[in-house]
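Here is what each chain is made of, one letter per residue.
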Amino acid sequence: MGKRMICISCPKGCELILEVNNEKLTSVKGNDCKRGEMFARSEVENPTRVLTSVVTIRKAKSKLLPVISAEPLPKQKIEEAIKEMRNIVVDAPVREGEIIKDDLAGTGIKLLAARSLKKIG
Amino acid sequence: MKRMEIDVAVIGAGPAGLAAALEADRMGKSVVLIERSDDLGGILQQCIHDGFGLHRFKKQLSGPQYAQYFIDELNKTDISVLLNTTVLSIEQKVIHAVNPTDGVLKIFPKAIILAMGCRERTRNQVLIYGTRPSGVMTAGAAQRLINLEGLLPGKRAVILGSGDVGLIMARRMYLEGIDVLGVYEIMPNVGGLARNVQQCLIDYNIPLHLSTTVVEVYGKETLEGVRVAKVDSSLKPIPGTEEDIECDLLVLSVGLIPENELSKNAGIQMSPVTLGPVLDESMMTSLPGIFAAGNVAIVFDLVDYVSLSAESAARGAVRYIDGNSPKEPPCDIKTGENVSSLIPMKYHIDYKGEDLYIFLRAREEKHDVRLCVTQGDNMIRQKLLPVVRPAEMIALKLSRDDLCQITGNMPITVSIINK
């Protein structure tokens, strides 16, 4: 019996059927491209997701700065990473792509600013 | 009163307006970009989730990142940007606008590109019975409160409708500590993209109830709960299936409508199918020199296509200004079998542009189909597709060679048939 899931690599949303043995992927069907296979393997062996949220920013016209993890984060670290982000406060100016935090939830993955905000006042 | 003469005026600085302004600027025209809010980027600035730009940038950006690319480009140009500026009307191709610094402005452009985007359907448009408590809002409003204002709109949420914004908000609210009790969808299928069901609902064990809807809201001042019920095949609630759910937030994700008050008041012919202006291959409306781009024309689901449509409109506007607009009468492009809506709706055989995209939606989900563009018995372009779904817009590129096969002004039909 295969496990069914939808590939999230692109908006197409292929429906995958995964065959799993001993927590290893043995086969995948339903994917239209190679990314589907990579996604299936990662889902079985180490599921990851890109995490986006907001952090507090001072001296900018907005109160919040959108942020994004530089790489997909192990799924089980997402809630811990979100909690860490609640305590982050940065000051404008900020450039898109600037590192906001070096190590998210002990994963070694960086958190980046997702937009530029000028300093005001 | 301040007066301004310009080649191209773009109304709205979301993804469509930014792309249109940049393309017109690249082609050497003077451009003014008019935006009613105090920020560039439009709705992208509150869409902090990733998944934007896969076609254009070959990576998954968040909304603000996608916008930032265009804003950085804009900052390198001489495009005039008018923020906090509301366009009141367009009369005889003259734009009347108002802002706090200039007061009333009169702008005399050679061409106008409408890029006002779309807005969300509200509770009034889905007719929910009950009281009028606070705590009932659209998914976009909840998104704005959480991602821009830093406010949590409730503690226990129910989502009505399974459009993409609703699914994205289910995950967002969950991660911000709101108890997301479920997503209720009146149709038997999901409104948004399949991948959003996976990464926003299944990932976080948020239940999805199809063929179920909210029939009543209750609560005096603030929302206290909603009543849901299953519906039959004609979408009528089935008596005896009602269930009450205690919640203080009802989030509506029940569809988007192109925002066309300005277009209608300007006298532009509208399409009852797309709810946007009737457009030709250059995205020109029924009023010569006025073009439309992005969600004001048809509701897209990928921002990449919004940008494409905007660049196409900008090139059309430049051809118009340079006197290169088509002169021949157009042929109609019609929706055929299993096609619910499309743009453009008209094609001129003396169109001088390059490739042409037809953007369309399927009426129902079908597997292994053939997408066909025909004129009479002549097959102009066909493409095999493994699957078509109403939620996923199809972009079909017609090359110059394809376009050369179009003759006279007999209507062109786009249809999706069995392979």
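Structural data are supplied above this passage.
Keep in mind that what you see is a predicted model, and the values were worked out from it rather than measured.

Bringing the overall build of chain A into the picture now. When helices and strands are tallied, chain A shows 2 helices and 10 strands. The order of helices and strands in chain A, counted from the N terminus, is β-β-β-α-β-β-β-β-α-β-β-β. Radius of gyration (C-alpha) of chain A: 18 Å, far over the 14 Å computed for a compact globule of 121 residues. The dimensions of chain A, computed from C-alpha atoms along their principal axes, are 60 × 30 × 15 Å. When the accessible surface of chain A is totalled, it reaches about 6,600 Å², and 49% of it is carbon and sulfur. Between the averaged position of the 23 positive side-chain charges in chain A and that of its 16 negative side-chain charges there is a distance of 7 Å.

Bringing the packing of helix 1 (residues 15-26) of chain B against helix 9 (residues 303-321) of chain B into the picture now. Residue and element names in this part refer to chain B. Remark: helix 1 packs on helix 9, axes separated minimally by 8 Å, with the N-to-C direction vectors making an angle of 40°. Taken together, the axes of helix 1 and helix 9 lie oblique to each other. The handedness of the crossing between helix 1 and helix 9 comes out as right-handed. Here Pro15, Ala16, Ala19, Ala20, Glu23, Ala24 and Arg26 of helix 1 come into contact with helix 9, specifically with Val303, Val306, Ser307, Ala310, Glu311, Ala314, Arg315 and Val318. Looking at the contact of helix 1 with helix 9 residue by residue, the classes come out as 10 nonpolar, 1 polar and 4 charged.

Let's shift gears to the sheet that holds strand 2 (residues 15-21) of chain A. Residues and elements named next belong to chain A. Strand order across the open sheet formed by 3 strands is 1-2-3, with antiparallel pairing between neighbours. Pairing within the sheet leaves two strands with one partner each, and these edge strands are strand 1 (3-6) and strand 3 (24-29). Sheet twist, expressed as the mean angle between neighbouring strand axes with direction ignored, is 35°. Both strand 1 and strand 2 contribute to a ladder of 4 bridges, which runs antiparallel. Across the sheet, the residue bridging to Ile6 is Glu15, located in strand 2. Taken strand by strand, helix 1 (residues 34-45) contacts strand 1, strand 2 and strand 3, and its axis lies near 145° from that of strand 3.

This part covers the nonpolar core. Ile11, Ile95, Ile113 and Leu114 of chain B are the most contacted members of the largest nonpolar core, which has 70 residues in total. In contact with Ile11 of chain B, other than residues within four places in its own chain, are Ile34, Val87, Ile90, Ile95, Ile112, Ile113, Leu114, Ala115, Met116 and Leu262 of chain B. Within the second largest apolar cluster, 44 residues are counted, among which are Ala81, Ile82 and Ile100 of chain A together with Met137 of chain B.

What follows concerns the sheet that holds strand 5 (residues 52-58) of chain A. The strand order 8-5-6-10-9 (chain A) describes an open sheet built from 5 strands, whose pairing is mixed. Both edges of this open sheet fall to strand 8 (89-91) and strand 9 (99-101) of chain A, since each of them pairs with a single strand only. Each neighbouring strand pair of the sheet contributes to a mean axis angle of 45°, computed without reference to strand direction. Relative to strand 10 (residues 111-113) of chain A, strand 6 (residues 64-69) of chain A is paired through 3 bridges, and the arrangement is antiparallel. Looking across to strand 10 of chain A, one finds that Ile68 of chain A is bridged to Leu112 of chain A. Its contacts with the sheet put helix 5 (residues 139-149) of chain B on strand 5 and strand 6 of chain A, and the angle it makes with strand 6 of chain A is roughly 90°.

Residue and element names in this part refer to chain B. Taken as a whole and judged by the stated rule, the model has 11 aromatic pairs over all chains. Both rings, one in Phe57 and one in Tyr69, keep their centres 4.7 Å apart while their planes meet at 65°; by these two values the pair is edge-to-face. One end of the pair, Phe57, is in helix 2 (residues 54-57); the other, Tyr69, is in helix 3 (residues 63-75), with 12 residues separating them in the sequence. For the ring pair Tyr174 and Tyr204, a centre distance of 5.0 Å and an interplane angle of 40° mean the geometry is tilted. In this pair, Tyr174 sits in helix 6 (residues 164-175) while Tyr204 sits in the loop between helix 7 (194-201) and strand 14 (208-209), placing the two residues 30 residues apart along the sequence.

All names here are of chain B. Tallying each qualifying case throughout the model produces 36 salt bridges over all chains. In this structure, the salt-bridge partner of Glu259 is Arg36, at a minimum N-O distance of 3.2 Å. Taken together, the residues span a long stretch of sequence, with Glu259 in the loop between strand 19 (256-258) and helix 8 (261-265) and Arg36 in the loop between strand 2 (31-34) and strand 3 (50-52) at a distance of 223 residues. Take Glu259: its relative accessible area is 14%, and that puts it in the buried class. Residues joined by salt bridges that share partners form a network here, namely Glu23, Arg26, Arg56, Glu311 and Arg315.

For the rest of this paragraph, the subject is the packing of helix 6 of chain B against helix 7 of chain B. Residue and element names in this part refer to chain B. Two elements in contact, helix 6 and helix 7, have axes whose closest approach is 8 Å; the angle formed by their N-to-C orientations is 15°. As summarised for this structure, helix 6 and helix 7 are arranged roughly parallel, according to the angle between their axes. In this structure, the crossing between helix 6 and helix 7 has a hand that is left-handed. For the pair formed by helix 6 and helix 7, the contact residues are Asp164, Leu167, Ile168, Ala170 and Arg171 on the first element and Asn196, Val197, Gln199, Cys200 and Leu201 on the second. For the contact of helix 6 with helix 7, the per-class residue count stands at 6 nonpolar, 2 polar and 2 charged.

On the surface, a cluster of nonpolar side chains totalling about 380 Å² of accessible area is made up of Met1, Leu88, Val98 and Val104 of chain B. Residue position: Val98 of chain B is located in strand 7 (residues 94-99).

Calculation notes
Residues numbered from 1 in each chain as written. Chains lettered and ligands numbered in written order. Predicted model: local features only at pLDDT ≥ 70, side-chain atom pairs only at ≥ 80, totals over all residues. Heavy atoms only, no water. Helix = DSSP H or I, 4+ residues; strand = E, 2+ residues; numbered from the N terminus. Rg over C-alpha atoms; globule rule 2.2 N^0.38 Å. Areas by Shrake-Rupley, 256 points an atom, 1.4 Å probe, with all protein chains shown as cover. Lys, Arg positive; Asp, Glu negative; His and termini not counted. Charge placed at Lys NZ, Arg CZ, Asp CG, Glu CD. Axes fitted to C-alpha atoms, helices over the stretch in contact; angles between N-to-C directions. Parallel < 35°, antiparallel > 145°, perpendicular 65-115°, else oblique. Left-handed = near helix turned anticlockwise from the far one by under 90°. Contact = heavy atoms within 4.5 Å. Nonpolar A, V, L, I, M, F, W, Y, C, P; charged D, E, K, R; others polar. Pairing = 2+ DSSP bridges. Core = buried A, V, L, I, M, F, W, Y, C linked by side-chain atoms within 4.5 Å. Buried < 20%, exposed > 50% of the residue type's maximum accessible area, 1.4 Å probe, protein only. Phe/Tyr/Trp six-rings, centres within 6.5 Å; stacked < 30°, edge-to-face > 60°. Salt bridge = Lys/Arg side-chain N within 4 Å of Asp/Glu carboxyl O. Patch = residues over 30% accessible without salt bridge, like charges linked within 9 Å, V, L, I, M, F, W, Y side chains within 5 Å.

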